[in-house]
Amino acid sequence: SIDVTLWGDFATQAAFQQGDIIALKEVRVGEFQNQKNLSTSFSTRLFTGDTLDKNLPELRMIEMLSDLGTDEIRPLFEQGPRDPGGNRELKSIAEVTAEAESLVGDETKWFDVKTHAMSVLTRDDKPVFYMACSVCKKKLTEEPSGYICNNCNKPDRNPVPKYQCQVRFIDPTGDLYAGLFDEAAAPLFGRTASEMLKKYKEDLAGYKEMVREAARYKEVKLRLSAKLDTYGGATKIRYTVHHLSPINYKAASQLLLNQLESLEPNIDTTVRQAIEEEESYY
C-alpha cells in the first residue's frame, strides 16, 4: 500500500467510498521516514467511475483481485515474483542493495531486477558513448592529431563508438545507479551508438532529448552484477547492467494468471480474456 495526499480541488471535491478504484496520472513521488508516498500537483489527472477506461486490462485485474480478498492475494507476494523468462527470482532494489552490502574481496553477486529507468547521467562534454579501438575495442585517447590506442600503441583512423553511461533505476523500495555498456545500453536507447554519435554531432539539442526520453520512467528487466570497486583509496559497490530488455507484458500477465488460478481454479473467463488481450493493448 501507499499513502496519497490530495491537494486543492482534488481534496475538496473528493467523494470516494471504500472499494472505489482510482487511477492517477502525473503525481509527485516523495519519501518520509523511508516510506514512499504520492501527492497530487497542478498537472495531476484523476480518473474514477465513468472516467476510467473500462478496457484497461489492469482495471479488470484489480476488480478480480478485490473479489478474491486480501488473505488469498497475500501469498502471491510473500513468495516473491519470478522472472517470466526463466526460473530466477526477481529482486527489489532494496533487496539488491542489502545483499550487496555483504560483498567481500573480489566476490561478484548477480541479480535479476524488474525496475524503471529514471534518468541518464550525462554532460555536454561527456556523452553516453566513447570512441573505441577498431582492433582491440579499448577506449581511445583523443589527441590533436587524432585518436590513439594506448593498448595497441598506434593511431586509429577508424574509431568505433561504444555506449558507456550511468543510469538511475528506481522501484517502490529504492534506487541505484548502474553502469551500462554497449550491448546493454542499445536496447535502452533504441538505436546504435553510431546513430547516437551522428545525432550528437549534428543536433545537440535533439541528442539531449533522445537521452532524456530513453530513460523517462521506462520499465525494464535487468541482469545486474554488484562488485566492490576501489578508486582513490575509497571502496564502494559498483553495479553493472549486463543485459537489459523491455518488460514482456504478455509473459508477465500469463505468470500472474497461473498464480491466481492456483488460488482460484474457477477464475472468471473475462479476467483470462483481459490478460490475453494485454499484449495487443500495449
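Residues numbered from 1 in each chain as written. Predicted model: local features only at pLDDT ≥ 70, side-chain atom pairs only at ≥ 80, totals over all residues. Heavy atoms only, no water.

This part takes up the overall build of the chain. Of the regular secondary structure elements, the chain holds nine helices and 15 strands. Every one of the 282 residues in the chain was classed for burial, and the buried ones make up 30%. Sequence-distant contacts, at least 24 apart, represent 60% of the contacts inside the chain between residues at least 6 apart. Carbon and sulfur atoms form 49% of the exposed surface of the chain, whose accessible area is close to 18000 Å². (Helix = DSSP H or I, 4+ residues; strand = E, 2+ residues; numbered from the N terminus. Buried < 20%, exposed > 50% of the residue type's maximum accessible area, 1.4 Å probe, protein only. Contact = heavy atoms within 4.5 Å. Areas by Shrake-Rupley, 256 points an atom, 1.4 Å probe, with all protein chains shown as cover.)

To continue, consider the sheet that holds strand 4 (residues 35-39). Strand order in the open sheet formed by three strands is 1-4-3, and the pairing between neighbours is mixed. Because the sheet does not close on itself, it has two edges, and the strands there are strand 1 (3-5) and strand 3 (28-32). Ignoring strand direction, the axes of neighbouring strands in this sheet form an average angle of 35°. As paired elements, strand 1 and strand 4 share three bridges and run parallel to each other. (Pairing = 2+ DSSP bridges. Axes fitted to C-alpha atoms, helices over the stretch in contact; angles between N-to-C directions.)

One non-glycine residue, Glu26, lies in positive phi territory at about 60°. One can find Glu26 in the loop between strand 2 (22-25) and strand 3. With a relative accessible area of 46%, Glu26 lands in the partly exposed category. One non-glycine residue, Lys137, lies in the positive phi region at around 70°. Mapped onto the fold, Lys137 is located in the loop between strand 8 (129-132) and strand 9 (141-143).

What follows is about the packing of aromatic side chains. If you walk through the whole model with that rule in mind, you get three aromatic pairs. With a centroid separation of 5.5 Å and 85° between ring planes, the pair formed by Phe129 and Tyr200 is classed as edge-to-face. Of the two residues, Phe129 is situated in strand 8 and Tyr200 in helix 6 (residues 193-202); the sequence distance between them amounts to 71 residues. Accessibility expressed as a relative area gives 22% for Tyr200, which makes it partly exposed. For the ring pair Tyr163 and Phe189, a centre distance of 5.0 Å and an interplane angle of 10° mean the geometry is stacked. Of the two residues, Tyr163 is situated in strand 12 (residues 160-171) and Phe189 in helix 5 (residues 182-189); the sequence distance between them amounts to 26 residues. Each member of the pair, Tyr163 as well as Phe189, is classed as buried. Three or more aromatic residues link up through ring pairs in this structure, and these residues are Phe129, Tyr200 and Tyr207. (Phe/Tyr/Trp six-rings, centres within 6.5 Å; stacked < 30°, edge-to-face > 60°.)

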